[in-house]
Amino acid sequence: MKKPRLSEKRFETKLARLIERRIERAGGSVTTFRDAGVLTMNRGVVVTLPNGQEFQLTIVESTRY
């Protein structure tokens, strides 16, 4: 039996929580594209490191499922 598919939204939530545990302890932050106001139709997270560096991780489901 196949496992149920994970939506991009659900994957975004899980990824943000996973990264958040580490980054926030060090003084950084993690937020979703939507909450950060990133103008895109994609899902993703913005990771801000304690030193101010910022990275955007885009989530796009592969068509090879």
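The structure contained in this document is the topic of the report that follows. A quick note: this is a predicted structure, and the numbers were derived from the prediction, not measured. (Residues numbered from 1 in each chain as written. Predicted model: local features only at pLDDT ≥ 70, side-chain atom pairs only at ≥ 80, totals over all residues. Heavy atoms only, no water.)

The number of helices and strands found in the chain is two helices and three strands. Referenced to the eigenvectors of the C-alpha coordinate spread, the extents of the chain come out at roughly 45 × 25 × 20 Å. Per-residue burial over the chain gives 20% buried out of 65 residues. Of the contacts formed within the chain by residues at least 6 apart in sequence, a portion of 31% connects residues at least 24 apart. Working note: accessible area of the chain is about 5500 Å², and carbon and sulfur atoms make up 51% of it. Between the mean site of the 13 positive side-chain charges and the mean site of the 7 negative ones, the chain shows a separation of 9 Å. (Helix = DSSP H or I, 4+ residues; strand = E, 2+ residues; numbered from the N terminus. Buried < 20%, exposed > 50% of the residue type's maximum accessible area, 1.4 Å probe, protein only. Contact = heavy atoms within 4.5 Å. Areas by Shrake-Rupley, 256 points an atom, 1.4 Å probe, with all protein chains shown as cover. Lys, Arg positive; Asp, Glu negative; His and termini not counted. Charge placed at Lys NZ, Arg CZ, Asp CG, Glu CD.)

So, on to the pattern of salt bridges. Going through the model one piece at a time under the given rule, you end up with two salt bridges. Between R5 and E61 there is a salt bridge, with the nearest N and O atoms lying 2.3 Å from each other. Of the two residues, R5 is situated in the segment before α1 (8-26) and E61 in the segment after β3 (54-59); the sequence distance between them amounts to 56 residues. (Salt bridge = Lys/Arg side-chain N within 4 Å of Asp/Glu carboxyl O.)

Right, let's talk about the nonpolar core for a bit. If you look at the biggest cluster of nonpolar residues, it comprises six residues: A16, I19, I23, V30, V45 and V47. Of the residues forming this core, the biggest block, three residues, is contributed by α1. Excluding its chain neighbours within four sequence positions, the residues that come into contact with V47 are I19, I23, S29, V30, Q53, E54, F55 and L57. (Core = buried A, V, L, I, M, F, W, Y, C linked by side-chain atoms within 4.5 Å.)

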